[in-house]
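Below, each chain spelled out in residue letters.
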Amino acid sequence: MQWPSPLTPAVLLRRYKRFLADVRLECGTELTVHCPNTGAMTGCDTPGSRVWLSYSDNPKRKYAYTWQLVEVDGNKVCIHSALANKLVAEALDEQVITELAGCSGYQTELRLPDGSRIDFVLETASGPCNVEVKSVTLLSEDGGGRFPDAVSTRARRHIRGLREHVAAGGQAVLLFAVLHEGINAVAAAADIDPAYARELAEAQRDGVQLLAYRAQIDEQGMRLQSSLPVTA
């Protein structure tokens, strides 16, 4: 996928109110931009970091610029978590995700009987396969990625939905879309959300498949490219 506009470099001054950040452009101008990430963004919102912004000329927008990337220890990180599903859709179309390359088609944001939604439902020779996508940007000291970066009852609920689908005879996959070029493996952040780590381990034992793919990121765009090991 390509960015919606050529990216503009800047320096992060602060991130606040979850949706906002103040930055300084290379010309010295300071402005407020939209931050498309409601999470903790641990390690990705350090003041003084180099960031990249996209621009929109939509007159209805309050903030014309959107924060897309940040540089962390020399690695580019995409903080726009909603783009993870778009990356996965492109990867499915291009059959980049080897473990899911056999699907003949898919639906997105499908509403389930209980009223919840699943990110992807793949059409496979052995029946529908439910796929939930999680964006990973938290880097630990050992170079591993961790999820979640804050306690998340919603993420635990998604795992339970996948387990229930498998228990009913279906197939289910939890796919970690790694949007940090410095991450080389993925594991549950048991120190942050031990309940999530337990749920993830139980899901894996129940037959939910765990996958992780890292994105290649530059100022032109992103694409999922490299398979990474996952441990519950």
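As the structure is a prediction and not an experimental result, all values here were calculated from the model.

### Things to note about the sheet that holds strand β13 (residues 186-188)
In a beta sheet, neighbouring strands pair by backbone hydrogen bonds and run either parallel or antiparallel. Ordered by their spatial adjacency, four strands build an open sheet running β10-β11-β13-β16, and the pairing between neighbours is mixed. Edge strands, defined here as strands with exactly one partner in the open sheet, are β10 (138-139) and β16 (230-231). Relative to strand β11 (residues 145-147), β10 is paired through two bridges, and the arrangement is antiparallel. Of the residues in β11, the one forming a bridge with leucine 138 is arginine 146.

### Concerning the pairing of strand β4 (residues 50-55)
Pairing between strand β1 (residues 8-16) and β4: four bridges, direction antiparallel. Residue pairing in the sheet places threonine 8 in a bridge with leucine 53 of β4. Looking at chain direction, β4 and strand β5 (residues 65-72) are connected through five bridges and run antiparallel. Note on β5: the bridge partner recorded for leucine 53 is tryptophan 67.

### Concerning the environment of arginine 61
Along the chain, arginine 61 turns up in the loop between β4 and β5. Residue arginine 61 is classed as partly exposed on the basis of its relative accessible area of 31%. The sequence separation of arginine 61 and alanine 187 amounts to 126 residues, and the corresponding C-alpha distance is 37 Å. Polar side-chain contacts of arginine 61 include one of 2.8 Å to the backbone oxygen of tyrosine 63.

### Brief notes about the nonpolar core
Ranked by internal contacts, the top residues of the largest apolar core, which has 32 residues, are Trp3 and Ile97. Among the elements of the structure, α1 (83-93), β8 (117-124), β9 (127-136), β12 (171-178), β14 (209-217) and β15 (222-228) are those that each provide at least two residues to this core. When residues of this core are assigned to their parent elements, the largest contribution, seven residues, is made by α1. When neighbours within four sequence positions are excluded, tryptophan 3 is seen to be in contact with Gln68, Leu69, Cys78, Leu83, Ile217, Asp218, Glu219, Gln220, Gly221 and Met222. In this structure, Val136, Leu162, Ala188 and Ala212 belong to the second largest nonpolar core, which totals 24 residues.

### Examining the state of the cysteines
This structure, assessed with the given rule, holds zero disulfides. The thiol of cysteine 78 is not disulfide-bonded; the next cysteine sulfur, from cysteine 44, is found 9.9 Å away. Accessibility expressed as a relative area gives 1% for cysteine 78, which makes it buried.

### Section: helix α3 (residues 194-206)
Owing to its 3.6 residues per turn, the α-helix aligns residues three or four sequence positions apart on the same side. When the terminal C-alpha atoms of α3 are compared, their 18 Å separation across 13 residues agrees well with the 18 Å that a helix rising 1.5 Å per residue should span. Three or more residues of α3 are buried, namely Tyr196, Ala197, Glu199, Leu200 and Ala203. Down the axis of α3, the sector holding all buried residues measures 165 degrees, keeping them to one side. Exposed side chains of α3 directed beyond 90 degrees from the buried face belong to Arg198 and Arg205.

### Considering the pairing of β8
As paired elements, strand β7 (residues 105-111) and β8 share six bridges and run antiparallel to each other. Among the inter-strand pairings, arginine 111 is bridged to a residue of β8, identified as arginine 117. Of the pairings in the sheet, the one linking β8 to β9 comprises five bridges and is antiparallel in character. Looking across to β9, one finds that valine 121 is bridged to asparagine 130. Counted between consecutive antiparallel strands, the loop separating β8 from β9 contains two residues.

### Observations regarding the sheet that holds β14
With mixed pairing, the six strands of this open sheet are ordered in space as β7-β8-β9-β12-β14-β15. Strands with a single pairing partner mark the edges of an open sheet, and in this sheet they are β7 and β15. Taken over all neighbouring pairs, the strand axes of this sheet differ in orientation by 35 degrees on average, direction set aside. Sheet topology places β12 next to β14; six bridges connect them, and they run parallel.

### What about the pattern of salt bridges?
Between side chains of opposite charge, a pair can form when the charged atoms approach closely. For the structure shown, the criterion picks out 12 salt bridges. A salt bridge links arginine 146 to aspartate 142; the nearest nitrogen and oxygen atoms lie 3.2 Å apart. Its relative accessible area of 55% is what places aspartate 142 among the exposed residues. A network of salt bridges, in which partner residues are shared, links Arg160, Arg163, Glu199, Glu202 and Asp206.

About the thresholds
- Residues numbered from 1 in each chain as written.
- Predicted model: local features only at pLDDT ≥ 70, side-chain atom pairs only at ≥ 80, totals over all residues.
- Heavy atoms only, no water.
- Pairing = 2+ DSSP bridges.
- Helix = DSSP H or I, 4+ residues; strand = E, 2+ residues; numbered from the N terminus.
- Buried < 20%, exposed > 50% of the residue type's maximum accessible area, 1.4 Å probe, protein only.
- Polar contact = N/O pair within 3.5 Å; in protein donor to acceptor, adjacent residues only side chain to side chain.
- Core = buried A, V, L, I, M, F, W, Y, C linked by side-chain atoms within 4.5 Å.
- Contact = heavy atoms within 4.5 Å.
- Disulfide = S-S within 2.5 Å.
- Expected span 1.5 Å × (residues − 1).
- Arc of directions from axis to C-beta.
- Axes fitted to C-alpha atoms, helices over the stretch in contact; angles between N-to-C directions.
- Salt bridge = Lys/Arg side-chain N within 4 Å of Asp/Glu carboxyl O.

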